[in-house]
Amino acid sequence: MIGSDGDADADADVPAARPPLTVALGPPEHGVARFAVDCARAAGTTLMEVAHVDDLPDALTAHPGTPVHLHITDPLFGSTPDEAAGAVESLSRDRPVAVTLHDVPQPAEGAERCRSRARAYRRIAAASDLVMVSSGHEHRLCADEGIAVDVVVPLPVPALPVPALPTSARTGAAPTGRAVPSLDPRSVGVFGFLHPGKAVDVVAEAVARLAADGDDRVTLRLLGAPAEGHEEYVAAALETVRAAGGRAEVTGRIDDDELAGTLGEVTVPVALFRNVSASGSLNTWAAAGRRPLVNDSDYTREMEQIRPGSLLLASGADLAAGLRALLDDPAPTVRDIPPPGLDELGRAYLQAWRGWLT
């Protein structure tokens with residue numbers, strides 16, 4: 001099995017005795033649903049994509065008693081955490097269930113919200129035969145809340161389609177022989193679904209300060225779409241920068257074919273999460289040959305141990321000064337592209353299932 005340190009001791013060639021049906025629940029563009037698809041494809045197992053939790057019981061009637069693997073963040077499984085837990089408990093009465101927990105509860109999200117979600121996640125774990133998470137940090141957060149976890153498998157570096165773009169004159173030879181786009185003149189980029197946990201407002205305030213100090217070329221680029229219910233939050237961040245004389249844009253969802261090029265052209269990538277338990281966006285920056293600026297946290301230190309040199313740790317409280325230094329010299333934000341980790345992900349999931357189902 002995979003231990004809590006995320007290391008595999010498996011025979012990668014031994015498949016699960018009865019590979020479970022992987023369920024990708026939610027909108028296809030949702031990060032958790034996308035990861036469920038990646039896991040199923042990496043492991044070579046059957047995939048079922050279901051748009052809404054209300055449709056899941058009927059979709060599973062064609063597979064009576066078949067073991068399933070669910071990728072869970074509570075909003076996809078119910079309108080409240082308790083409703084999400086009830087949905088999983090109902091499914092587990094008819095079949096063996098394994099789960100990967102995402103967005104695990106943590107005190108940083110607020111005491112009452114954390115208590116409510118932790119209670120639901122404990123119920124989900126108790127109803128499941130195998131419980132997996134995607135970082136040692138998540139494992140520790142779950143332990144603090146009494147949520148039983150069996151296996152840790154770190155998130156992989158994805159394989160991004162190669163952009164057909166010229167090599168950057170600023171950075172010289174393209175990492176690992178791939179062409180990379182030229183860097184923007186002076187942009188700061190935040191990638192992924194946009195919400196307060198991404199600290200978009202904090203980044204906007206720092207960019208606004210640079211603009212107010214006379215940097216008339218500085219641009220805030222929000223590379224994604226607002227998370228549901230956070231449209232006004234994102235609009236306020238854009239206005240903060242524009243009111244100070246800077247430029248600001250929000251791209252909406254970026255197509256996969258354009259992802260490497262778009263992430264590769266940002267001058268300074270940032271991922272200053274307020275609270276994070278595991279992040280696919282950090283690995284997506286890496287897959288684009290970028291080293292984002294991050295806060296020093298338990299999770300970012302873990303990622304630095306797994307992939308040394310993959311992140312830039314923000315130093316001190318003066319974010320604007322740190323951004324200015326990297327805008328003037330963005331070389332530290334460019335890195336070699338690491339090899340994709342999907343094969344390793346597939347092997348780890350197959351081994352976890354083998355230990356569960358045999």
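Basis of the calculations
Residues numbered from 1 in each chain as written. Predicted model: local features only at pLDDT ≥ 70, side-chain atom pairs only at ≥ 80, totals over all residues. Heavy atoms only, no water. Phe/Tyr/Trp six-rings, centres within 6.5 Å; stacked < 30°, edge-to-face > 60°. Helix = DSSP H or I, 4+ residues; strand = E, 2+ residues; numbered from the N terminus. Buried < 20%, exposed > 50% of the residue type's maximum accessible area, 1.4 Å probe, protein only. Pairing = 2+ DSSP bridges. Contact = heavy atoms within 4.5 Å. Axes fitted to C-alpha atoms, helices over the stretch in contact; angles between N-to-C directions. Parallel < 35°, antiparallel > 145°, perpendicular 65-115°, else oblique. Left-handed = near helix turned anticlockwise from the far one by under 90°. Nonpolar A, V, L, I, M, F, W, Y, C, P; charged D, E, K, R; others polar. Right-handed = clockwise from strand over helix to strand, strands pointing away. pLDDT = per-residue confidence, 0-100. Salt bridge = Lys/Arg side-chain N within 4 Å of Asp/Glu carboxyl O.

Engineer: Report on the packing of aromatic side chains, specifying residues and quantitative values.
Structural biologist: Following the criterion strictly, the structure yields two aromatic pairs and no others. Pairing Phe191 with Trp285 gives two aromatic rings, centres 6.1 Å apart and planes at 75 degrees, and the pair type is edge-to-face. Highlighted residues: Phe191 in strand S7 (residues 187-191) and Trp285 in helix H10 (residues 280-287), separated in sequence by 94 residues. In terms of burial, Phe191 and Trp285 fall into one category: buried. Note on Tyr349 and Trp353: the rings are 5.7 Å apart at their centroids and 75 degrees apart in plane angle, and the pair reads as edge-to-face. On the criterion of helical spacing, the pair formed by Tyr349 and Trp353 is a turn pair, its members being four residues apart in helix H13 (residues 342-357). Of the two residues, Tyr349 and Trp353, both sit in the buried class.

Engineer: If you had to explain the sheet that holds strand S12 (residues 312-313) to someone new, which residues and values would you point to?
Structural biologist: With parallel pairing, six strands are arranged side by side in an open sheet as S9-S8-S7-S10-S11-S12. Looking at which strands have only one partner, the edges of the open sheet turn out to be strand S9 (247-250) and S12. Packing of helix H7 (residues 200-212) onto the sheet brings it into contact with S7, strand S8 (219-223) and strand S10 (268-271), and relative to S8 it is tilted by some 160 degrees.

Engineer: Account for the packing of H7 against helix H12 (residues 319-328), with residues named and values stated.
Structural biologist: At their nearest, the axes of H7 and H12 sit 9 Å apart, and the two run at 70 degrees to each other. With respect to each other, H7 and H12 are oriented roughly perpendicular. The crossing of H7 and H12 is right-handed. On H12, the residues touching Val202, Val203, Ala206, Val207, Arg209 and Leu210 of H7 are Leu319, Ala320, Leu323, Arg324 and Leu327. Its residues assigned to classes, the contact of H7 with H12 comprises nine nonpolar, no polar and two charged.

Engineer: An account of the sheet that holds strand S3 (residues 68-72) is needed here, citing residue identities and associated values.
Structural biologist: A sheet is described by the order of its strands in space; here six strands give the open sequence S2-S1-S3-S4-S5-S6, paired in parallel fashion. The strands lining the two open edges of the sheet, one partner per strand, are strand S2 (47-50) and strand S6 (151-152). Examined bridge by bridge, strand S1 (residues 21-25) and S3 share three bridges and lie parallel to one another. By the bridge assignment for S3, Thr22 is matched with His69.

Engineer: Summarise the side chain of Thr262; cite the residues concerned and give the values.
Structural biologist: By the secondary structure assignment, Thr262 is in helix H9 (residues 256-265). When neighbours within four sequence positions are excluded, Thr262 is seen to be in contact with Arg221, Leu223 and Ile254.

Engineer: Break down the pairing of strand S4 (residues 97-101) for me, with residues and values.
Structural biologist: The side chains of a regular strand alternate, residue by residue, between the two faces of the sheet. Of all five residues in S4, five are buried; the element is thus mostly enclosed. Along S4, one buried face is formed by Val97, Val99 and Leu101 and the opposite face, lined by Ala98 and Thr100, is buried too. With five bridges joining them, S3 and S4 adopt parallel strand pairing. Residue pairing in the sheet places Val68 in a bridge with Val97 of S4. The pairing of S4 with strand S5 (residues 130-133) spans three bridges and is parallel. Paired with Thr100 across the two strands is Met132, which belongs to S5. Crossover connection from S4 via helix H5 (residues 111-127) to parallel S5: handedness right-handed.

Engineer: Give a detailed account of the confidence of the model for the protein chain, specifying residues and quantitative values.
Structural biologist: Chain-level pLDDT for the protein chain is 89 on average; 90% of the residues reach the 70-or-more range. This stretch, residues 1-16, has a pLDDT under 50; its non-local contacts, to residues over four places away or in other chains, come to 27 contacts. This stretch, residues 165-180, has a pLDDT under 50; its non-local contacts, to residues over four places away or in other chains, come to 37 contacts.

Engineer: Residues and numbers for unusual backbone geometry, please.
Structural biologist: A positive phi angle is found at Asp103, which is not glycine, with a value near 50 degrees. Despite not being glycine, Ala199 shows a phi value in the positive range, around 55 degrees. Inspection of the secondary structure assignment puts Ala199 in the loop between S7 and H7.

Engineer: Give a description of the pattern of salt bridges that names residues and reports values.
Structural biologist: In this structure the tally under the stated criterion is 20 salt bridges. In this structure, Asp184 and Arg221 form a salt bridge, with 2.9 Å as the shortest nitrogen-oxygen distance. With a gap of 37 residues between them, Asp184 in the loop between S6 and S7 and Arg221 in strand S8 connect regions that are remote in the sequence. Under the relative-accessibility criterion, Arg221 is labelled buried at 10%. Between Arg301 and Asp296 there is a salt bridge, with the nearest N and O atoms lying 2.8 Å from each other. Under the relative-accessibility criterion, Asp296 is labelled partly exposed at 48%.

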